[in-house]
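Tertiary structure, described
Listed below, chain by chain, are the residues.
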Amino acid sequence: MPPRSPLPARHGLGAAWVRTPDHDHGRPRPWSTMGHWLRDTSPEGVDVDGMLADERFVYDDGSVLLDDDAYRPHTFVWFHRDLREEPAVPGEITVLHRDERLVVVDKPPFLSTIPRGRHVMQSVTVRLRDELGLPELTPLHRLDRVTSGVLLLATERRWRGPYQTFFEHRRVRKTYEALAPRCEELAFPLTVRNHIGKTRGVWQAQVVPDAPVNAVTDIELLRVVGDLAVYRLTPHTGRTHQLRLHLHGLGIPIVGDPLYPEVLDVSVDDFSTPLQLLASTLELVDPVDGRELRFVSGRSLPIAPPG
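Quick caveat: nothing in here was measured; it's all calculated off a predicted structure.

Reading guide: rules and limits
Residues numbered from 1 in each chain as written. Predicted model: local features only at pLDDT ≥ 70, side-chain atom pairs only at ≥ 80, totals over all residues. Heavy atoms only, no water. Domains from an automatic or database assignment. Salt bridge = Lys/Arg side-chain N within 4 Å of Asp/Glu carboxyl O. Helix = DSSP H or I, 4+ residues; strand = E, 2+ residues; numbered from the N terminus. Buried < 20%, exposed > 50% of the residue type's maximum accessible area, 1.4 Å probe, protein only. Core = buried A, V, L, I, M, F, W, Y, C linked by side-chain atoms within 4.5 Å. Contact = heavy atoms within 4.5 Å. Lys, Arg positive; Asp, Glu negative; His and termini not counted. Arc of directions from axis to C-beta. Phe/Tyr/Trp six-rings, centres within 6.5 Å; stacked < 30°, edge-to-face > 60°. Lys NZ or Arg CZ within 6 Å of the ring centre and 35° of its normal. Pairing = 2+ DSSP bridges.

The next thing to look at is the domain arrangement of the protein chain. By domain assignment, the protein chain separates into domain 1 (16-79) and domain 2 (94-296). Summarising the inter-unit geometry, the C-alpha centres of domain 1 and domain 2 are found 40 Å apart.

The final tally for this structure, using the stated rule, is 18 salt bridges. Salt-bridge contacts for Arg291 lead to Asp99; the nearest nitrogen and oxygen are separated by 3.1 Å. Linking Arg291 in the loop between β13 (277-285) and β14 (292-296) with Asp99 in the loop between β3 (94-98) and β4 (102-107), this pair joins segments that are 192 residues apart in sequence. Arg291 sits in the partly exposed class, given a relative accessible area of 29%.

What follows covers the nonpolar core. If you look at the biggest cluster of nonpolar residues, it comprises 32 residues, and the most contacted ones within it are Val105, Leu233, Leu247 and Leu277. Among the secondary structure elements, those contributing two or more residues to this core are β4, α3 (124-132), β6 (148-154), β7 (173-181), β8 (190-194), β12 (228-235), α5 (242-249) and β13. When near neighbours in sequence (up to four residues on either side) are disregarded, Leu277 contacts Thr147, Ser148, Tyr176, Glu177, Ala178, Leu233, Leu243, Arg244, Ile254, Leu301 and Ile303. In terms of nonpolar packing, the next biggest core, distinct from the first, is built from 15 residues, Phe166, Leu284, Leu293 and Phe295 among them.

This brings us to the side chain of Glu177. Here Glu177 shows up in strand β7. Arg223 provides the closest opposite charge to the buried, salt-bridge-free Glu177, at an N-O distance of 4.7 Å. For Glu177, the residues in contact, after removing those within four places along its chain, are Leu222, Val230, Tyr231, Gln276, Leu277, Leu278, Ser280 and Leu301.

Okay, helix α4 (residues 160-168) next. Buried within α4 are the following residues: Tyr163, Phe166 and Phe167. One side of α4 holds all its buried residues, which, seen down the axis, span an arc of 100°. In this fold, the buried residues of α4 make contact with β4, β6 and β13. Arg170, located one to two residues past α4, shows a positive phi value of around 60°.

The next point concerns unusual backbone geometry. In terms of backbone geometry, most residues other than glycine have negative phi values and most peptide bonds are trans. Here the residue pair Phe188 and Pro189 is connected by a cis peptide bond, since its omega of 0° sits within 30 degrees of zero. If you trace the backbone, Pro189 turns up in the loop between β7 and β8. Residue Pro261 is reached from Tyr260 by a cis peptide bond, and omega for that bond is 10°. Looking at where Pro261 falls in the secondary structure, it is placed in the loop between α5 and β13. Residue His74 is not a glycine yet carries a positive backbone phi of 45°. Here His74 is to be found in the loop between α2 (48-53) and β2 (76-79). Residue class for His74 comes out partly exposed when judged on its relative accessible area of 46%. If you check the backbone angles, Arg170 has positive phi at about 60° while not being a glycine. Following the sequence through the fold, Arg170 ends up in the loop between α4 and β7.

Let us look at the packing of aromatic side chains. Describing an aromatic ring pair means giving the distance of the ring centres and the angle of the ring planes. Inspection of the entire model under this criterion finds five aromatic pairs. Centroid distance Trp31 to Tyr71: 5.4 Å. Interplanar angle 50°. Geometry classified as tilted. Here Trp31 is found in the loop between β1 (16-19) and α1 (34-41), whereas its partner Tyr71 is found in the loop between α2 and β2, with 40 residues between them in sequence. One exposure class covers both Trp31 and Tyr71, and it is buried. Both rings, one in Phe188 and one in Tyr231, keep their centres 5.2 Å apart while their planes meet at 50°; by these two values the pair is tilted. Residue Phe188 is found in the loop between β7 and β8, and its partner Tyr231 is found in strand β12; the two are separated by 43 residues along the sequence. Residue Phe188 is classed as partly exposed on the basis of its relative accessible area, which comes to 22%. Tyr231 gets classed as buried once you look at its relative accessible area, which sits at 1%. Sitting over the face of the ring of Tyr59, Arg72 holds its NZ or CZ atom 3.9 Å from the ring centroid. The residue whose ring lies beneath Arg101 is Trp159, and the NZ or CZ to ring-centre distance is 5.6 Å.

On to the pairing of β7, then. With seven of its nine residues buried, β7 lies for the most part within the structure. Bridge count for β7 against β13 is six bridges, and the pairing is antiparallel. For Thr175, the partnering residue across the bridge sits in β13 and is Thr281. Here β7 pairs with β12 via six bridges, running antiparallel. Within β12, the residue paired with Ala180 across the bridge is Ala229.

The following block contains the structure:
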């Protein structure tokens, strides 16, 4: 694990770090200078020369890394990444609850839970760290970027452990609502049980036949809306895209889904068609003080395009 960053957070984001390899007696100086090492090992497209000139690389003690510094093995180097200009994701993050340990929000569609890929500034974590003045704010679980609804976050690092353990041990009850085609051939309530696998780099998850069950969802019909229906989904496991894949497998894919039944060529900055999937309620017994907690989204289906 790296030591504490010598750089302050910027835009709610901590500094990134890289580390030189451990000492190798066979090659005591595989690079002549620290600048040489950075140029040789940084991903293509990183402007190492410009960052060195702007003194953006620092050591653990906060001193600036210079281009011609002698190479040092097992050394952490800190810096802030360059961020793309991100279009603002429309829609409000509604705070449902806030106390010493927890912040509970109602997330709009198209907003990432955590900073990743092309969505850094436009994520729940980064926006709320800045808006609420909570630099250690961290989500305790995740919602897909296109999913709306209830999301729990810990205010400080020290509170993450007890709550994340509850999520890992499935001691948190979550229910969702989804808008999908009506199907008179299906008898509800029903339970889907199968094995879901996800290959790194592949957009869609897959059902793996004849494999041990690792994904279970209870599905109820709540109401009919013309040719569509609203379903209540209660997952007992938390596989990637589980709810979306289970409804797709029943022949009733969720309205607005850009991945199921087929991957659509939709820009990440296109906010016109929300996925009609809502994390509607979340319930748990607080692992710290024993309170019974229940949080309910203020949103309802159908979810309109944000704006």
